[in-house]
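# Survey of secondary and tertiary structure
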Amino acid sequence: MWARHIIDSRCKSDHITNNVTESFNHWVGDDRKKPIMVMVESLTCRIMGRLQRRFEKGSRFEFATTPRIRKIVDMTMQDAKLCKVIDAGDDEFQVRDGFTTFAVNLRTRSCGCNYWSLCGLSCTHACACISYKRYNVERFCDFYYSNEIYCKIYQEMIHPMPELNERDRDGYPIVDPPKLKSLPGRPRTARRRAANEGRAGYAARRKKVLHCEVWYLQIVWT
Ligand SMILES: [Zn+2]
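Basis of the calculations
- Residues numbered from 1 in each chain as written.
- Predicted model: local features only at pLDDT ≥ 70, side-chain atom pairs only at ≥ 80, totals over all residues.
- Heavy atoms only, no water.
- Donors = N, O, S within 2.8 Å, 3.2 Å for Na, K, Ca; no water.
- Tetrahedral: all angles 85-135°; square planar, octahedral: opposite > 155°, others 65-115°.
- Pairing = 2+ DSSP bridges.
- Helix = DSSP H or I, 4+ residues; strand = E, 2+ residues; numbered from the N terminus.
- Expected span 1.5 Å × (residues − 1).
- Buried < 20%, exposed > 50% of the residue type's maximum accessible area, 1.4 Å probe, protein only.
- Arc of directions from axis to C-beta.
- Contact = heavy atoms within 4.5 Å.
- UniProt positions renumbered as here; feature names shortened; annotations may be inferred.
- Axes fitted to C-alpha atoms, helices over the stretch in contact; angles between N-to-C directions.
- Parallel < 35°, antiparallel > 145°, perpendicular 65-115°, else oblique.
- Nonpolar A, V, L, I, M, F, W, Y, C, P; charged D, E, K, R; others polar.
- Core = buried A, V, L, I, M, F, W, Y, C linked by side-chain atoms within 4.5 Å.
- Disulfide = S-S within 2.5 Å.

Turning to the coordination of the zinc ion, a few remarks are in order. Put simply, a metal with four donors set out as a tetrahedron has ideal angles of 109.5 degrees, and one with six donors set out as an octahedron has ideal angles of 90 or 180 degrees. At the metal site, the zinc ion is ligated by Cys111 (SG), Cys113 (SG), Cys123 (SG) and His125 (ND1), and these contacts range over 2.1 to 2.3 Å. Here the zinc ion is ringed by 4 donor atoms whose angles at the metal span 106 to 113°, and the overall shape comes out tetrahedral.

Written out as structure tokens, the structure is:
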């Protein structure tokens, strides 16, 4: 079981992906059925292209943050219009959101709802204060979401490699793969399920025995 409020705030993300191997397998697709060297080469080509595409994309960004973050922040700024701000001075505020009140501090980048510390993006209450002070909201986004970091992530490249069979082996002998030993039965394709997952397709079925209500029985007997 996961709960967002106890995630380490250094991550600056509230995204949770359980069983990341399933996502990876989906991305790999049919490559996982190929021999190991062919699979590695195919994955290398994919990652090579992906790094370059992302780096080019990052070079074209207009704002200080990535477009996705800019969109999230713009939407939060719209929602912030419903909050009522009381300026306490020195960039500290009391913000009323519906029936709840939050203390916001723009200097320490914190809000009582804890979203800002956890995700690195200003929450609705902080956005209300930023809008009130007419500050640039991008200034309050964490550095992790900046274009600079985005480009740094993808700036490294994988150099192109020659065809597998034509590669210069420098006189080393060719290492043959081990002899294939066919095991009895068909090769397994379905994922191994954990002990607590139950059988596939049975999770949604109701196992509880249903009993008639007492009042219903009374009506029937009278
Ligand atoms: Zn907040």
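From this point on, the discussion continues.
What follows deals with the sheet that holds strand β2 (residues 92-97). Sheet strands line up and pair through hydrogen bonds in the backbone, either parallel or antiparallel. Across the sheet, which stays open at both edges, the 4 strands sit in the order β1-β2-β3-β4 with antiparallel pairing between neighbours. Only two strands of the sheet have a single partner each, and these edge strands are β1 (84-89) and β4 (110-111). With 6 bridges joining them, β2 and strand β3 (residues 100-105) adopt antiparallel strand pairing. Of the residues in β3, the one forming a bridge with Arg96 is Thr101.

We now examine helix α3 (residues 67-79). Across its 13 residues, α3 extends 19 Å between first and last C-alpha, which sits within 8% of the 18 Å expected from 1.5 Å per residue. Of all the residues in α3, the buried ones are Ile69, Arg70, Val73 and Thr76. Around the axis of α3, the buried residues are gathered within 125° of arc, so they sit on the same side. The exposed residues of α3 that point more than 90 degrees off its buried face are Arg68, Lys71 and Met75. At its buried positions, α3 is contacted by α5 (124-133).

Take the pairing of β2 next. Across 5 bridges, the pairing between β1 and β2 is antiparallel. In the strand pairing of β2, Val85 is matched with Val95. The antiparallel hairpin formed by β1 and β2 contains 2 residues in its connecting segment, where Asp90 sits at a positive phi of about 55°. Following β2, the chain reverses through 2 residues before pairing antiparallel with β3; Gly98 in that reversal takes a positive phi of roughly 70°.

UniProt records the feature "domain: SWIM-type" (unreviewed entry) at residues 102-134, using the numbering of this structure. From the first C-alpha to the last, residues 102-134 spans 20 Å; its make-up is 45% helix and 18% strand.

Further remarks concern helix α2 (residues 36-59). A rise of 1.5 Å per residue sets the reference length of α2, with its 24 residues, at 34 Å; its end C-alpha atoms lie 35 Å apart and thus fit the reference within 8%. Within α2 the residues assigned to the buried category are Met39, Ser42, Leu43, Thr44, Leu51 and Gly58. The elements touched by buried residues of α2 are α1 (20-28) and α6 (147-154).

What follows concerns the packing of α3 against α5. Here α3 crosses α5 at 80°, and the two axes come no closer than 8 Å. The orientation of α3 relative to α5 falls into the category roughly perpendicular. When α3 is examined against α5, the residues Thr76, Met77 and Asp79 are found in contact with a partner set consisting of Thr124, Cys127 and Ser131. A per-class count over the contact of α3 with α5 returns 2 nonpolar, 3 polar and 1 charged.

Within the secondary structure, Thr66 is located in the loop between α2 and α3. For Thr66, a relative accessible area of 10% gives the class buried. Apart from the residues lying within four places of it in its own chain, the contact partners of Thr66 are Phe61, Tyr145, Ser146, Asn147 and Tyr150.

This part takes up the nonpolar core. Soluble globular proteins tend to pack their nonpolar side chains together in the buried interior. Grouped together as the largest cluster of nonpolar side chains are 22 residues, with contacts concentrated most on Val104 and Leu106. Taken together, the elements giving at least two residues each to this core come down to α3, β2, β3 and α5. In contact with Leu106, other than residues within four places in its own chain, are Asp91, Phe93, Trp116, Ala126, Cys129, Ile130, Tyr135 and Phe140.

As used in these notes, a disulfide is a covalent bond between sulfur atoms, one from each of two cysteines. Enumeration according to the criterion identifies 0 disulfides in this entry. Free of any disulfide, Cys129 has its nearest neighbouring cysteine sulfur in Cys111, separated by 7.6 Å.

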